[in-house]
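# Structural description and commentary
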Amino acid sequence: MRNDEVLRGVEGRAGSARRGSATKIGVGVVLLAIVGSVGYFALRPGAGGGGVPGATTSDRAPVTRAAFDITTTASGELEARNQIEIRNKLDSEAIITEIVPEGKSVKAGDVVVLFNSEKITDSLNDQELAVGTARAESVAAENSYTIQVNENTSKTRQAQLKVDLAELALQQWLEGDVTTKRQKLETAREKADLELQRLAEKLIQSEKLHEQGFLSKDERDRDEVSYIEACSAWVTADLDGKVYENYEFPKDQKSKLSDVEEAKAELERVKLNNEIELASKDAARSKSRQQLALRELRLAKLKTDLEDCTIKAPSDGLVVFATSLERGRGSMMGGGDGVMQIGRKVYPNELVMILPDTSEMVASVRVQESLAGRVRPGQQAMLKIDAAGGKVFVGRVDSIGILAETGGWRDPNLREYTVKIGMATEAEHGLKPSMRCEAELTLDQVGEALTIPVQAVFNDGAVNFVYTESGVRFKRVPVQLGRRSSKVAEIVKGLAEGQMVLVREPSAGEVLAQAWAKAELEAVGYSIGEDGQPVAPQGPGMRGGRPGGRPSGQGKPGEKPGEKAGEAPIGAKPGDKPGDKPGEKAGGKPGEGAGGKGVEALAEKDGQKASDVAKKDDGAEDGEAKKK
């Protein structure tokens, strides 16, 4: 019998078992004996319930050697790989005057939206007049600046000329007038000195001649008067020289130097005043330039706005209104002004429509964070799209989201990564964005290996085991597991090809009560910790993990060894809470069952949390040995 038939049989029997009523507490010893007898006869060789030992039945399956794929299923929706957003580029609200129908395929260059442009046209005309005025003012300011430059040059030249003339006058006075004056004064003094000497000698001769009677007293007196006048003239000439050197020369010198300094000061004042006047004209010129530039920029913006009132399709695509996207995403806030239609008000930068290129689609599916680490670009995926008649497309993973997305208010603890899957499509398929899709991702491939159905795997703490036939009952056999898919698990140690294993949860009376033997555990790689509890084996075979489980060693802080946050151990039924021991129901007593319940729903179905189907990690590295 094929594995698929075995699995269907096991699932049917497991469902029936869950729907049946539980055995009531308080039944007497006699009733227990009757039940045990019924179980014995039901399971003995040849009985209708158990069959012949070693034979394949609906609740047994052989250990077979086969290859299998490790897959998981994720749901999402289609997106166009390339799509263009059409937005209102105007800085103000706009009214739609024309718009293409939604769902229409347009070509590049086709007009898709027209906005009312009356106000923009009026503003454009006013701005053109303002630009003309500003341009004239700018020309006047430029000319005024040029005139000021010429005036400054002229004023500077005149002031510099005064400085030059004052310096020349100073030089002329020093080298001409002063020298001439000094020569005249020196000549007068020397002449007075010579005249004084001559008259002094003449007076002496006159005295001698008068005494000898050769000269009259009147002549002698006239010579004396002449001598006295010569003395006065000498004193006057000497005094004139001193007055000039002590008074007239310094006075004239200071006056001439003052004229030079005043001319230089006037030159500096002219230069400073020129700078002020020129800066004023330059400021007026810059202001007029800025005003002209601003008005021209505003004019250009209005021209651009006028062009933006007519929106053309940048490329080929399918018209999808933004309001349809909001409804498709369940938006409660968007679309307050209604659908995109003629007369609707559109706000600045508001999305009007998108033009998805449907020739190349991408499936955007959400994968749980426990699985995201195993998804790699390039992995193959099979995409089923119900809207396309259930057609299956082949795709490959393009990218995995950087950050996990929360489940929102519906499930704040849910964390999922968005995986983009590229797919090859043709136009005749009629695929559109937002179509629902289901992707089956192939996470890994296992070559030829010993395999058993995952329903046959149970666990007791860190020990994974299966049930094999032992006479009319079943015994627990520890095994070392490798990689697992949603249907089969790889057996690394503990079983041989052809052995039969039970693929359902046995009742208490069907199982031999026995403790784990140390030799039996060590044979398949388990060890005994310091606390006396088994420790899971370490090795490559224990790193595979089942789909939906986290790789070994990657549990979150606070998790127990061998467990992952939000996941139930192997043997837990859907609905059991994380942390419940195998064979225990929530709120039940330890020890119920036969040492662990079968994994009955490992496949992750659409809308089902991974915490409901996750399996205890067989690669727990810490174990109970680290707890002290």
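Residues numbered from 1 in each chain as written. Predicted model: local features only at pLDDT ≥ 70, side-chain atom pairs only at ≥ 80, totals over all residues. Heavy atoms only, no water.

## Thoughts on the overall build of the protein
To keep things clear, this is the line we draw: Starting at the N terminus, helices and strands are each numbered in turn, a helix being any DSSP run of H or I of at least four residues and a strand any DSSP run of E of at least two. A 1.4 Å probe rolled over the protein chains alone gives each residue an accessible area, and that area as a share of the maximum for its type sets the label: buried under 20%, exposed over 50%, partly exposed in between. Whether two residues are in contact is decided by their heavy atoms: any pair within 4.5 Å suffices. Methods summary: accessible areas were calculated by the Shrake-Rupley approach with a probe of 1.4 Å, and residue burial reflects only the protein chains presented.
In terms of helices and strands, the protein carries eight helices and 25 strands. Sorting the 628 residues of the protein into buried and exposed places 36% on the buried side. Summarising the internal contacts of the protein: among those between residues at least 6 apart in sequence, 77% fall at separations of at least 24. Accessible surface, the protein as shown: approximately 35,100 Å² in total, 52% of it carbon and sulfur.

## Describing the pattern of salt bridges
The condition that has to hold: Throughout this description, the term salt bridge denotes a Lys or Arg side-chain nitrogen within 4 Å of a carboxyl oxygen of Asp or Glu.
Applying the stated rule across the entire model yields 35 salt bridges. In this structure, R483 engages E490 in a salt bridge whose closest nitrogen and oxygen atoms are separated by 3.6 Å. Here E490 falls in the buried class, since its relative accessible area comes to 14%. Among the charged side chains, a network of salt bridges with common partners joins D59, R60, E469, R504 and E510.

## Here's the deal with a nonpolar patch on the surface
The line we're drawing: Nonpolar side chains (Val, Leu, Ile, Met, Phe, Trp, Tyr) within 5 Å and like charges within 9 Å form the patches, drawn only from residues with over 30% relative accessible area and no salt bridge.
A contiguous nonpolar patch, built from L161, L165 and L168 and spanning about 300 Å² of accessible area, is present on the exposed surface. Tracing the chain through its elements places L165 in helix α3 (residues 118-212).

## Focus: the nonpolar core
Quick reminder of the rule: Here the nonpolar core consists of buried residues drawn from Ala, Val, Leu, Ile, Met, Phe, Trp, Tyr and Cys, with membership extended through side-chain atoms lying within 4.5 Å.
One finds L78, I385, I421 and L431 to be the most contacted residues of the largest nonpolar core, which totals 29 residues. Secondary-structure elements contributing two or more residues to this core are β2 (64-80), β12 (361-368), β13 (380-385), β14 (391-400), β16 (411-423) and β17 (436-453). Among the elements that line this core, the one with the most residues is β17, at six residues. If sequence neighbours within four positions are ignored, L78 has contacts with M361, V362, A363, I385, M423, L431, K432, P433, S434, M435 and C437. Counting 27 residues, the second largest nonpolar core, distinct from the first, contains I86, V106, I120 and V131.

## Describing the sheet that holds strand β6 (residues 111-115)
Selection criterion: What makes two strands pair is DSSP finding at least two bridges between them.
As summarised here, the arrangement of the four strands in space is β7-β6-β4-β10, forming an open sheet in which the pairing is antiparallel. Of all strands in the sheet, those bounded by a partner on one side alone are β7 (310-312) and β10 (345-346).

## Remarks on helix α4 (residues 217-308)
Which entries qualify depends on this criterion: Under the convention used throughout, the expected extent of a helix is 1.5 Å for every residue step, that is, one less than its residue count. Bend angle per residue: angle between axes fitted to the 7 residues ending at that residue and the 7 residues starting there.
With 92 residues, α4 extends 132 Å between its outermost C-alpha atoms, agreeing within 8% with the 136 Å of an ideal straight helix rising 1.5 Å per residue. For α4, the principal kink sits at Y244 and spans about 45°.

## Details of the pairing of β2
Sheet topology note: the β2/β17 ladder contains 13 bridges and is antiparallel. Paired with F68 across the bridge in β17 is V446. In this sheet, β12 lies alongside β2 in antiparallel orientation, the contact comprising five bridges. Paired with L78 across the strands is A363, a residue of β12.

## Side note on the packing of aromatic side chains
To describe a pair of aromatic rings, you give the distance between the ring centres and the angle between the ring planes. Quick note on the threshold: Aromatic rings from Phe, Tyr and Trp, taking only the six-membered ring of Trp, are treated as a pair when their centres fall within 6.5 Å; an angle between ring planes under 30 degrees marks them as stacked, one over 60 as edge-to-face, and anything in between as tilted. Sitting over a ring, as applied to charges here, requires NZ of Lys or CZ of Arg to be within 6 Å of the ring centre and within 35 degrees of the ring normal.
Scanning the entire structure with this criterion turns up six aromatic pairs. With 5.4 Å between their ring centres and 85° between their planes, F465 and Y467 make a pair best called edge-to-face. Here the two residues F465 and Y467 agree in accessibility, since each one is buried. Taken together through their ring pairs, the aromatic side chains of F458, F465, Y467 and W516 make up a single cluster. Above the face of the F465 ring, R476 is positioned so that its terminal group lies 5.3 Å from the ring centre.

## A look at the confidence of the model for the protein
Stated formally: For every residue, the predictor assigns a confidence score, pLDDT, that lies between 0 and 100.
Averaged over every residue, the pLDDT of the protein is 77; residues scoring 70 or more account for 74%. Overall, residues 1-54 carries pLDDT values under 50, and its contacts beyond four positions in sequence, including any with other chains, amount to 43 contacts. Segment residues 330-335 is flagged for pLDDT under 50; beyond a separation of four residues in sequence, or across chains, it makes four contacts in the model.

## Quick look at the sheet that holds strand β9 (residues 320-321)
Strand order in the open sheet made by the three strands is β3-β11-β9, with antiparallel pairing throughout. On the outer flanks of this sheet lie β3 (83-87) and β9, each paired with one strand and no other. Direction of pairing for β3 relative to strand β11 (residues 351-356): antiparallel, over a ladder of five bridges. Directly across from I84, in β11, lies its bridge partner L355.

## Here we look at a negative patch on the surface
To be explicit about the condition: Only four residue types enter the tally: Lys and Arg on the positive side, Asp and Glu on the negative side; His and the chain ends are excluded. In plain terms, the charge of a residue is placed at NZ if it is Lys, CZ if Arg, CG if Asp and CD if Glu.
Residues D69, D386, E438 and E440 make up a contiguous surface patch of negative charge. Summarising the element assignment, E440 is placed in strand β17. According to the relative accessible area criterion, E440 is partly exposed, its value standing at 37%.

## Observations regarding the environment of M340
Here M340 shows up in the loop between α5 (322-328) and β10. C-alpha of M340 to C-alpha of S324: the two residues are 16 residues apart in sequence and 9.1 Å apart in space. Residues within four places of M340 in sequence aside, it is in contact with I96, I99, F321, T323, V346, E350, L351 and V352.

## Structural notes on α3
With 95 residues, α3 extends 139 Å from end C-alpha to end C-alpha; this agrees with the ideal 141 Å at 1.5 Å per step. Taking the largest bend as the criterion, α3 deviates by roughly 40°, centred on W173. Where α3 ends, the next residue or the one after it, G213, has phi of about 85°, a positive value.

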